[in-house]
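The residues making up each chain are set out below.
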Amino acid sequence: EAEISRRRSIHPIKVANRQIIKESYNFLYPSLMSPNSLNLASLKKEDVKTELSGVYSFPLLPKDECKQLLEEFLHFKQSNLSHQRPNSMNKNGILLEELGLDSLIHRIVKHVEPIAKELFPDLVGENGGFDSFKAFTVEYDGQQDARNPDLELDTHFDNAEVTLNIPLTQGFEGSELYFEYKNGFKSLQMEVGRAILHSGRLLHGVMPIEEGYRHNIIIWMRSSEVRNRMCPMCKEVPQLEKVEETTGDGFTTIENQN
């Protein structure tokens, strides 16, 4: 019941935090409020590398813009403005909707959607595509002076049809992203600005960080056309509750589809 209560409170708290941040936070890079501020790499099928079955990577952001995003996120954390944890498993990180970066993330999602639809045709709605998302950052800190850091992430699947993972840092040891593979698991090496795309249903996790600092943007891309038929978390037909002012967990009612 505590977890149900927490989940119900996420969206009204998000709305309240977003308003406070809008009124109080001074962006280090105000241009990020514009959806066209990032130079997204053109996406061609030949640029997509198959890392393993169901996991792909491709260049998405130049390194200097990853650095800019990282600096903005760290600048926000230093403001000490109220913000929620990114999800139920990670303590550190921020919800990018609270920061007001919806338009920027929406542009990234729509940029990636065509290739995602080609790679995961059963997970992207035929009519509406990805019609909502949850975007957040995650941090893994192996530095000795880190306070209450996230060190690893247990094996899990995502509340998403398709997940986009954008690495912002390098130079750390450990903290490999791993995926279920054949009868075990296989880890991947990450490169700044090179996105990793995978089904949200694929089991994955993060190995313990041994040294340094890792920071990534995670975008859970959602298709109501798909998840309305079966909740990706409980594998049942969803029983919906109305959510005000946000897209909730990406489900829609019949009237919202018209």
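So, here is what we can say about the structure in this document. Remember, it's a predicted structure, so these values are computed and weren't measured experimentally.

1. Here we look at the overall build of the chain
- Looking only at helices and strands, the chain has 5 helices and 12 strands in total.
- The principal-axis extents of the C-alpha atoms in the chain amount to approximately 50 × 45 × 40 Å.
- For the chain, the residues scored as buried account for 49% of the 258 residues in total.
- Counted over contacts in the chain with a minimum sequence separation of 6, partners at least 24 positions apart contribute 79%.
- Total accessible area on the chain is roughly 13,300 Å²; 47% of this is exposed by carbon and sulfur atoms.

2. Examining the packing of aromatic side chains
- Scanning the model with the defined rule gives 5 aromatic pairs in all.
- Ring geometry for Tyr 56 versus Phe 120: centroids 5.8 Å apart, planes at 75°, classification edge-to-face. Within this pair, whereas Tyr 56 is found in strand β2 (residues 55-59), its partner Phe 120 is found in the loop between α3 (102-119) and β3 (132-141), the two being separated by 64 residues in sequence.
- Relative accessible area serves as the criterion here: at 14%, Tyr 56 is assigned to the buried category.
- Judged by centre distance (5.1 Å) and plane angle (85°), the rings of Phe 136 and Trp 220 are edge-to-face. One end of the pair, Phe 136, is in strand β3; the other, Trp 220, is in strand β12 (residues 213-222), and 84 residues separate them in sequence.
- Members of the aromatic cluster, joined through ring pairs, are Tyr 25, Phe 27 and Phe 76.
- A cation over a ring is seen here: Lys 186 above Tyr 181, with NZ or CZ 5.1 Å from the ring centre.
- If you follow Lys 235 out to its NZ or CZ, it ends over the ring of Phe 157, 5.0 Å from the centre.

3. Description of unusual backbone geometry
- Even without glycine at this site, Asn 80 takes up a positive phi of about 60°.
- Mapping Asn 80 onto the fold places it in the loop between α2 (63-79) and α3.
- In the Ramachandran plot, Ser 175 falls in the positive-phi region, its phi being about 60° despite a non-glycine side chain.
- Turning to its location among the elements, Ser 175 is positioned in the loop between β6 (173-174) and β7 (177-181).
- According to the relative accessible area criterion, Ser 175 is buried, its value standing at 0%.

4. Description of the pattern of salt bridges
- The tally for this structure, following the rule as stated, stands at 8 salt bridges.
- Arg 18 is the salt-bridge partner of Asp 102, the closest N and O atoms lying 2.5 Å from each other. With Asp 102 in helix α3 and Arg 18 in helix α1 (residues 2-24), this residue pair connects regions lying 84 residues apart in the sequence.
- Its relative accessible area of 34% is what places Arg 18 among the partly exposed residues.
- Of the charged contacts, one joins Lys 77 and Glu 139 as a salt bridge, the two residues approaching to 2.7 Å between their closest N and O atoms. One end of the pair, Lys 77, is in helix α2; the other, Glu 139, is in strand β3, with 62 residues separating them in the sequence.

5. Considerations on the nonpolar core
- Ranked by internal contacts, the top residues of the largest apolar core, which has 46 residues, are Leu 60, Ile 108, Leu 164, Ile 166, Leu 197 and Ile 219.
- Of all elements in the fold, only β2, α2, α3, β3, β5 (162-167), β9 (194-199) and β12 reach the threshold of two or more residues within this core.
- Per element, the largest residue contribution to this core is 8 residues, and it comes from α3.

6. As for α3
- Between the first and last C-alpha of α3 there are 25 Å, a value that for 18 residues agrees with the 26 Å anticipated at 1.5 Å per step.
- Along α3, the helix axis deviates most sharply at Glu 113, where the bend reaches about 45°; the proline Pro 114 sits within four residues downstream.
- Within α3, burial applies to Leu 104, Ile 105, Ile 108, Val 109, Val 112, Glu 113, Ile 115, Ala 116 and Leu 119.
- Elements that come into contact with the buried residues of α3 comprise β2, α2, β3, β5, β9 and β12.

7. A word on the sheet that holds β2
- Ordered by their spatial adjacency, 6 strands build an open sheet running β1-β2-β9-β5-β12-β3, and the pairing between neighbours is antiparallel. In this open sheet, the two edge strands, each paired with only one partner strand, are β1 (49-52) and β3. For this sheet the average axis-to-axis angle between neighbouring strands, irrespective of direction, equals 25°.
- As paired elements, β1 and β2 share 3 bridges and run antiparallel to each other. Pairing of Lys 49 across the sheet is with Ser 57, part of β2.
- Packed on one face of the sheet, α2 meets β3, β5 and β12 and runs near 95° to β12.

Conventions we followed
Residues numbered from 1 in each chain as written. Predicted model: local features only at pLDDT ≥ 70, side-chain atom pairs only at ≥ 80, totals over all residues. Heavy atoms only, no water. Helix = DSSP H or I, 4+ residues; strand = E, 2+ residues; numbered from the N terminus. Buried < 20%, exposed > 50% of the residue type's maximum accessible area, 1.4 Å probe, protein only. Contact = heavy atoms within 4.5 Å. Areas by Shrake-Rupley, 256 points an atom, 1.4 Å probe, with all protein chains shown as cover. Phe/Tyr/Trp six-rings, centres within 6.5 Å; stacked < 30°, edge-to-face > 60°. Lys NZ or Arg CZ within 6 Å of the ring centre and 35° of its normal. Salt bridge = Lys/Arg side-chain N within 4 Å of Asp/Glu carboxyl O. Core = buried A, V, L, I, M, F, W, Y, C linked by side-chain atoms within 4.5 Å. Expected span 1.5 Å × (residues − 1). Bend = angle between axes of the 7 residues up to and from the residue. Pairing = 2+ DSSP bridges. Axes fitted to C-alpha atoms, helices over the stretch in contact; angles between N-to-C directions.

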